[in-house]
Each structure stands twice: as structure tokens, then as C-alpha cells.
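# Notes for the structure review
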Amino acid sequence: MARQRRLNVISSRDRPPGDYSHLWLPPDYKSGGGLQIRRERNLRAITGQAAEIREGHWDLMKTEVLPATDPSALRYAADVLRNNGLVAFPTDTVYGVGALAFKPEAVQRLYIVKGRSTDKAIAVLVARNSDLLRVAKELTPAAQRLALKFWPGPVTLVVPKHPDLPKAVSALPTVGVRLPDHLVAKKLLELTGPLAVTSANRSGGPSSLTAAAVLAQLNGRIDLVIDGGPAPGGVPSTVVDCTGAQPVILREGPISAADIERAVS
């Protein structure tokens, strides 16, 4: 079996965008049949990497990079996620890094790798109404109007959360939900169900618009990056609190306050 190379986390910052030659890739990645999904290998590797993250051994981590055009890339990504892994992928706004929303240990890793405060809830991305019902207890009338108008799209709606949603996603009685308008994200979500997703950058760092930008901040800290080219939006989503009598914009983004007001009036 080919000897696997270890990441050099520091040197990756000095390489040109799109150069992933220094990264560890599955030995069978370039085989004629494409990437072969090996659940047992994933389980051993990802479980070990989770322990390494908890202990701070970033130099031992391996981050894989796969192009979204590979026919097996998204199935492989889903397999990584099911084994408590973290996967970065493009959305219609910026690159996000996600974990299965109903795997608390994996969600907790998101806080660790980003250096994010645990009192900040993580939004959930969905691809179907049936998945939305697993995450949200209900959609207020304002949330329903905004979803009808702007989904799929760059608006995150803060709504009452479903009681079954783990506290690791949100310790609050609410949760942010969004249905992204990006083919790669949508196909991945259709395979996995709800994903807890946050921007693929270190806390306080700039949003990542490319796979190379993700690696510049999270190289060696997450399990996999799906390279789907530049994120088309360029800025994080608009966040709207829909739990009160009137919607309140918590974060400005691609959808303006005037657009939100018109949609609910």
C-alpha cells in the first residue's frame, strides 16, 4: 500500500491557490474507477482524528481535497460525515464547514476547529421540507413568507427549534435554518439530511470563497474539502430573527432590509 504523506500545515499557506500536491489524498483517488468509499477506513481514520483534535495534535491531522466533479466525491463526503467527520463545501454564499446536525460530538468539533465560542449557535442547512420539520418546531407566518420568497437562497431564518435538535447545535430555544441555492450543497444535503454548518474559517478570520482559502485557515483541522470552485455569493447570508411579532435582521447580507420588509408586508 502506498505510504501516506502527512500534512505540512505551515507550508500550505505559501503555495499557490489550487495547488493541493502537498495534501494527503486517498491512495486509490486517481484510479480509473474514481474514489472508492471505504467505510471501515474512514471510521478508523476519522475517529482517530477526532481524538487528535481534542488533544490539539494538528500536525497529525490529514485533510483530503476532492473536486466536486468527481462522481464519487459527494457520496464519499456523506460517508465521512456519517462517521463524525467535518466536511467543507461551497454554498451560494461562502464555503461552509459542516457536521451532521444530529451527531453532537461531531458538532462540538466544529467549535474546536474554528476556535468558536460554544455560546454561539450554529445554523442548520436543509434541502427538503421534511428535513426542515426535523430541525424547526414551527415556522412563524413571517418565516413562511420569507422562505417562500427567498428560499433557496441567502437568507437564514431564526425560528423555534425542534426539541430533538441537540444542544450542541443551539443551547437556545431557537435555531437558524437555511435552504442554500447551490448544486453541490443541495446534492450533499440530499444525501445526508440536515447539516450543522458554519463558515469555513477560523473564528474572526475572513470568509472563505475558495477551497484554497479554506485550507489556508483549516488545513489539518477538518477531514475533507469538496472543491466546487469559487463560492458565487461572496458574503455570508442575511440572518433574520422570525420569532417575534416582527422580523428583526440580526446580520445584514445579500438580501437587504428593504427586501425583507417588502416580503413580510
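Residues numbered from 1 in each chain as written. Predicted model: local features only at pLDDT ≥ 70, side-chain atom pairs only at ≥ 80, totals over all residues. Heavy atoms only, no water.

Scanning the chain for helices and strands turns up 8 helices and 10 strands. Classification of the 265 residues of the chain by burial places 51% in the buried group. Restricting the contact set of the chain to residue pairs at least 6 apart, pairs at least 24 apart contribute 68%. Of the accessible surface of the chain, which amounts to about 12,200 Å², a share of 52% is contributed by carbon and sulfur atoms. (Helix = DSSP H or I, 4+ residues; strand = E, 2+ residues; numbered from the N terminus. Buried < 20%, exposed > 50% of the residue type's maximum accessible area, 1.4 Å probe, protein only. Contact = heavy atoms within 4.5 Å. Areas by Shrake-Rupley, 256 points an atom, 1.4 Å probe, with all protein chains shown as cover.)

We now examine the confidence of the model for the chain. Of the residues in the chain, 77% reach a pLDDT of 70 or more, and the chain-wide mean stands at 84. A low-confidence stretch, residues 1–44 (pLDDT under 50), is modelled with 80 contacts involving residues beyond four sequence positions or located in other chains. (pLDDT = per-residue confidence, 0-100.)

Enumeration according to the criterion identifies 5 salt bridges in this entry. Here arginine 109 makes a salt bridge to aspartate 223, at a shortest N to O gap of 3.2 Å. Of the two residues, arginine 109 is situated in helix α3 (residues 104–114) and aspartate 223 in the loop between α7 (211–218) and β8 (224–227); the sequence distance between them amounts to 114 residues. Classification of aspartate 223 as buried rests on a relative accessible area of 4%. With its nearest N and O atoms 3.2 Å apart, the salt bridge here joins aspartate 131 to arginine 128. According to the relative accessible area criterion, aspartate 131 is buried, its value standing at 5%. Taking the relative accessible area as the measure of exposure, arginine 128 reaches 33% and is therefore partly exposed. Three or more residues are tied together by salt bridges with common partners; here these are Arg128, Asp131 and Arg134. (Salt bridge = Lys/Arg side-chain N within 4 Å of Asp/Glu carboxyl O.)

On to the pairing of strand β7 (residues 195–199), then. Burial analysis of β7 places 4 of its 5 residues in the buried class, the great majority of the element. In this structure, strand β4 (residues 123–125) lies alongside β7, joined through 3 bridges in antiparallel fashion. Looking across to β7, one finds that leucine 125 is bridged to leucine 195. (Pairing = 2+ DSSP bridges.)

Pairing of strand β9 (residues 238–241) with strand β10 (residues 248–251), which is carried by 3 bridges, proceeds in the antiparallel orientation. Paired with valine 240 across the strands is isoleucine 249, a residue of β10. Two successive antiparallel strands, β9 and β10, enclose a turn made up of 6 residues.

All right, on to the sheet that holds β7 then. In spatial order, the strands read β1-β8-β2-β3-β7-β4-β6-β5-β9-β10; together these 10 strands make up an open sheet with mixed pairing. With partners counted over all chains shown, the strands left at the sheet margins are β1 (64–67) and β10, one partner each. Ignoring strand direction, the axes of neighbouring strands in this sheet form an average angle of 35 degrees. Of the pairings in the sheet, the one linking β1 to β8 comprises 4 bridges and is parallel in character. From the neighbouring strand, valine 65 faces β8, where its bridge partner is valine 225. Most of the contacts of helix α5 (residues 141–150) go to strand β5 (residues 155–160), to which it runs at about 155 degrees, and overall it touches β5 and β9. The strands touched by α7 within the sheet are β1, β2 (87–89), β3 (96–100) and β8, with β8 carrying the most contacts at an inclination of about 160 degrees. (Axes fitted to C-alpha atoms, helices over the stretch in contact; angles between N-to-C directions.)

Attention now goes to the nonpolar core. Of all hydrophobic cores here, the largest spans 48 residues; its most connected members are Leu146, Leu157 and Ile222. Counting residues per element, the ones that place at least two in this core are β3, α3, α4 (129–135), α5, β5, β6 (174–178), α7 and α8 (257–264). Residues within four places of leucine 157 in sequence aside, it is in contact with Ala143, Leu146, Ala147, Trp151, Val175, Gly176, Val177, Val240 and Cys242. In this structure, Val87, Phe89, Leu189 and Val197 belong to the second largest nonpolar core, which totals 20 residues. (Core = buried A, V, L, I, M, F, W, Y, C linked by side-chain atoms within 4.5 Å.)

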